[in-house]
Amino acid sequence: MVIVDTALENREREGRPIRVGIAGAGYMGHGIAVQLLKPPVGIRLAAISNRTLSKAEKAVRDGGASSFQRVATLTQLEESISQGGVCVTEDPSLLCDASNIDVIVDATNDMDYGAALVLRALKNRKHVVLLNAALDSTIGPILKTYADRNKVVITYTDGEEPGVATNLFRYVKTIGLHPVGAGNLKGLLDPYRTPETQRAFAERVGQSAPMITSFADGTKLSMECTILANSTGLRVGRRGMYGPKCAHVKEAANLFPRDELLNGGLVDFLLGAEPHTGAYVIGYSENPIDMDFMNYFKMGSGPFYVFYTPFHLPQVQVIPTIARAALFGDATTAPIGKPVCEVLTVAKRDLKAGEALDGIGGFTCYGVIENADVAQQENLLPIGLSENCRVKCDIPKDQPLTYDDVEIPAGRLCDKLRNEQVRHFASMVHA
């Protein structure tokens, strides 16, 4: 969306930059804060919150801010923002409540913490940009209904693969082709990786071992492809996707079942394909003029054509996502209705009755994508709700867990929202 830069330039000239609050100063929140403090034209970091205040302060300092204010009340925050200041706080609710913050970026990784934050922001009519893939893939559709009621945007970010792929999906539609496939490029997939096997690499790149584990064991891949599916209507061809190996992304045109591409389309991934990062979309046309034209410009003989972006830069590309939401009411990704796909909880090893699941990127389970109607029919437990659930019976390695297999911790907001999501879309089907 090249138009974004012009719109931001206008906001800068008018002295009305978009004011952004970031919740979370971990790896992603820190990186986004640094980008916003450059600052980009027409957009400013107003405040960043973190439960450990020193991390928020470090993010601001690393962004080059010469001064900032620690705030503990809404009045302090709003007054500082009105004077062009940058604030740090331990309390994310202040960001949601501030009248002069336009967009909240959820850079947390916690389901319940993130759910409470997002709900508060939406009810206060703030646009919300998510980097919390677990939240979006588990209860994104019901959060979208809250956003719609309050006439604001909720979106996952550009720069992460679902955003990159959805941009391409929309582009392929715009130029007159039919997008029939989309997904990620994946270099490694081993569902049995653990925080122990990934610890050294995590330390080397400055991220947490559970986060890196979720990349390696396929859980994050499944969450991202679920977000993509829910934003496009594409389904999976089988549990876990096909994930064909290939040398280059251009080969994708011939790697998936033709009948499935042409009957609803597929969200999937490629394993080992150059350029090893980014996302792809498969467009379709049997129009002979289109086919001649595409062949002449070296897109292949058709009727399937591969479009791809050879990079994804979440800390940087979040900027156009923020601008699109605030200036145009346009989501990079957003659920188009009821859930299309889900991410199941699968035993990473043999589990014994009485064990507590340690959730995403842990030692006990990994996530696998499945079509939502199948997951609901089989009463399968979403990976986003698995943490701290206690197993009632022995579960063999690689078996999906159902709700009947576990005791759910009491009082969690994410479970209430999940139940509301199920009821809401069931009522729409039967209306």
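All figures in this text were calculated on a predicted structure; none of them were measured in a lab.

### Re the sheet that holds strand β5 (residues 103-106)
Spatially, the seven strands line up as an open sheet ordered β3-β4-β2-β1-β5-β6-β7, and their pairing is parallel. Pairing within the sheet leaves two strands with one partner each, and these edge strands are β3 (69-70) and β7 (154-156). Pairing geometry for strand β2 (residues 43-49) and strand β4 (residues 87-89), over three bridges, is parallel. Each residue of the ladder has a partner; that of Ser-49, found in β4, is Thr-89.

### As for helix α10 (residues 209-216)
Among the eight residues that make up α10, six are buried, leaving the element largely enclosed by the rest of the structure. If you check which residues of α10 are buried, you get Ala-209, Met-211, Ile-212, Thr-213, Ser-214 and Ala-216. Buried-residue contacts for α10 involve β8 (178-186), α9 (199-205) and α11 (219-232). In this structure Ser-208 caps α10, since a side-chain oxygen of it lies 3.2 Å from the backbone nitrogen of Met-211.

### Quick look at the side chain of Arg-19
The topology assignment puts Arg-19 in strand β1 (residues 18-23). Asp-102 provides the closest opposite charge to the buried, salt-bridge-free Arg-19, at an N-O distance of 6.0 Å. Sequence-distant contacts of Arg-19, defined by excluding residues within four places in its chain, comprise Arg-44, Ala-46, Ile-81, Asn-100, Ile-101, Asp-102 and Val-103.

### Some details on unusual backbone geometry
With an omega of 10°, the peptide bond running from Glu-274 to Pro-275 counts as cis. If you trace the backbone, Pro-275 turns up in the loop between β9 (266-271) and β10 (279-284). Here Gly-302 and Pro-303 are connected by a cis peptide whose omega angle stands at 5°. Position of Pro-303 relative to the elements: it lies in the loop between α13 (288-296) and β11 (304-309). Look at Lys-151: it is not a glycine, yet its phi comes out positive at around 55°. Examined against the element boundaries, Lys-151 turns out to sit in the loop between α7 (133-149) and β7. Taking relative accessible area as the criterion, Lys-151 reaches 71% and is therefore assigned exposed. Phi at Asn-388 takes a positive value of approximately 70°, unusual for a residue other than glycine. Secondary-structure assignment places Asn-388 in the loop between α15 (372-377) and β14 (390-391).

### Some points on the environment of Arg-149
Looking at the element boundaries, Arg-149 is found in helix α7. Each C-alpha atom of the pair Arg-149 and Arg-125 lies 9.5 Å from the other, and the pair is 24 residues apart in sequence. For Arg-149, the contacting residues outside a window of four places in its chain are Glu-420 and His-424.

### Some details on the state of the cysteines
Under the defined criterion, the tally for this structure stands at zero disulfides. The structure places no disulfide on Cys-96, whose sulfur is separated from the nearest cysteine sulfur, that of Cys-87, by 15 Å. On the basis of relative accessibility, which here comes to 1%, the residue Cys-96 falls in the buried class.

### Observations concerning the pattern of salt bridges
For the structure shown, the criterion picks out 20 salt bridges. In this structure, Arg-16 and Glu-14 form a salt bridge, with 2.6 Å as the shortest nitrogen-oxygen distance. Looking at Arg-16, the relative accessible area reads 42%, which means it is partly exposed.

### A short note on α13
The backbone nitrogen of Ile-289 lies 2.9 Å from a side-chain oxygen of the residue at the head of α13, namely Asn-287. Lys-298 lies just past α13 and shows a positive phi near 65°.

### Comments concerning the sheet that holds β11
A sheet is described by the order of its strands in space; here four strands give the open sequence β9-β8-β10-β11, paired in mixed fashion. Because the sheet does not close on itself, it has two edges, and the strands there are β9 and β11. Sheet twist, expressed as the mean angle between neighbouring strand axes with direction ignored, is 25°. Those strands touched by helix α8 (residues 161-174) are β8, β10 and β11, and its axis lies near 20° from that of β10.

The rules we used
- Residues numbered from 1 in each chain as written.
- Predicted model: local features only at pLDDT ≥ 70, side-chain atom pairs only at ≥ 80, totals over all residues.
- Heavy atoms only, no water.
- Pairing = 2+ DSSP bridges.
- Helix = DSSP H or I, 4+ residues; strand = E, 2+ residues; numbered from the N terminus.
- Buried < 20%, exposed > 50% of the residue type's maximum accessible area, 1.4 Å probe, protein only.
- Contact = heavy atoms within 4.5 Å.
- Polar contact = N/O pair within 3.5 Å; in protein donor to acceptor, adjacent residues only side chain to side chain.
- Lys, Arg positive; Asp, Glu negative; His and termini not counted.
- Salt bridge = Lys/Arg side-chain N within 4 Å of Asp/Glu carboxyl O.
- Disulfide = S-S within 2.5 Å.
- Axes fitted to C-alpha atoms, helices over the stretch in contact; angles between N-to-C directions.

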